[in-house]
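Coordinates in review
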Amino acid sequence: MRLVILEDYDQASEWAAKYICNRIIQFKPSQGRYFTLGLPTGSTPLGCYRKLIEYHKNGDLSFKYVKTFNMDEYVGLPRNHPESYHSYMWNNFFKHIDIDPNNAHILDGNAPDLQAECDAFEKKIEEAGGIDLFVGGDDSYNRCT
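Keep in mind that what you see is a predicted model, and the values were worked out from it rather than measured.

Here is what the cut-offs are and how they apply
Residues numbered from 1 in each chain as written. Predicted model: local features only at pLDDT ≥ 70, side-chain atom pairs only at ≥ 80, totals over all residues. Heavy atoms only, no water. Axes fitted to C-alpha atoms, helices over the stretch in contact; angles between N-to-C directions. Helix = DSSP H or I, 4+ residues; strand = E, 2+ residues; numbered from the N terminus. Parallel < 35°, antiparallel > 145°, perpendicular 65-115°, else oblique. Left-handed = near helix turned anticlockwise from the far one by under 90°. Contact = heavy atoms within 4.5 Å. Nonpolar A, V, L, I, M, F, W, Y, C, P; charged D, E, K, R; others polar. Pairing = 2+ DSSP bridges. UniProt positions renumbered as here; feature names shortened; annotations may be inferred. Buried < 20%, exposed > 50% of the residue type's maximum accessible area, 1.4 Å probe, protein only. Right-handed = clockwise from strand over helix to strand, strands pointing away.

A few words on the packing of helix H1 (residues 9-27) against helix H2 (residues 46-57). Orientation of H1 relative to H2, taken along the N-to-C sense of each, is 50°, at an axis distance of 8 Å. Taken as axis vectors, H1 and H2 run oblique relative to one another. As H1 packs across H2, the resulting crossing turns out to be right-handed. Where H1 approaches H2, its residues Tyr9, Ser13, Glu14, Ala16, Ala17, Lys18, Ile20 and Cys21 are matched on the opposing element by Leu46, Gly47, Cys48, Lys51, Leu52 and Tyr55. In terms of residue class, the contact of H1 with H2 is built from nine nonpolar, two polar and three charged.

Turning our attention to the sheet that holds strand E4 (residues 133-134). Spatially, the four strands line up as an open sheet ordered E3-E2-E1-E4, and their pairing is parallel. Looking at the sheet topology across the chains shown, the edges are occupied by strand E3 (104-105) and E4. Inspection of the sheet shows strand E1 (residues 35-39) paired to E4 by two bridges, in the parallel sense. When the sheet's bridge partners are listed, glycine 38 is paired in E4 with phenylalanine 134. Along the sheet, H1 makes contact with E1, strand E2 (66-70) and E4, crossing E1 at roughly 160°.

When the UniProt feature table is mapped to this numbering, "domain: Glucosamine/galactosamine-6-phosphate isomerase" (unreviewed entry) covers residues 8-129. Within the segment residues 8-129, helix and strand shares are 43% and 10% respectively, and the terminal C-alpha atoms sit 35 Å apart.

Turning our attention to the pairing of E2. Summarising burial for E2: four of the five residues are buried, a large majority. The sheet contact formed by E1 and E2 spans five bridges and is parallel. Paired with threonine 36 across the two strands is lysine 67, which belongs to E2. For the crossover that starts at E1, traverses H2 and ends in the parallel E2, the hand is right-handed.

Right, here's the structure in full:
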């Protein structure tokens, strides 16, 4: 793990977004060769997501050949509830970029068998070839890392 200390949240968000952008571009994703990205929710990554959206809108970054896997979801909260992580990701990130909705993976917190849901999620990650880059966040320090 690499620790980068920056002056403020905006600098940290931009650094993280540039790092993600560069990793995706260097990977050269294409049809049949997807970059797999693990993503967090919460307030920490919002600035990072805004910068990634900006890069996409400027034509600097495409998510066409990117698969994402979110690390969490609330159990028992409907996916269309404004506080669900499904709603959070779609409203704050996915609907603003060119990702195929079939490539944006979020756990189903209402699955009848949560263990089976987690096992199937892990299998999807394995089928994708694992996670190429996992973005973590820490709300206690309010930084996108």
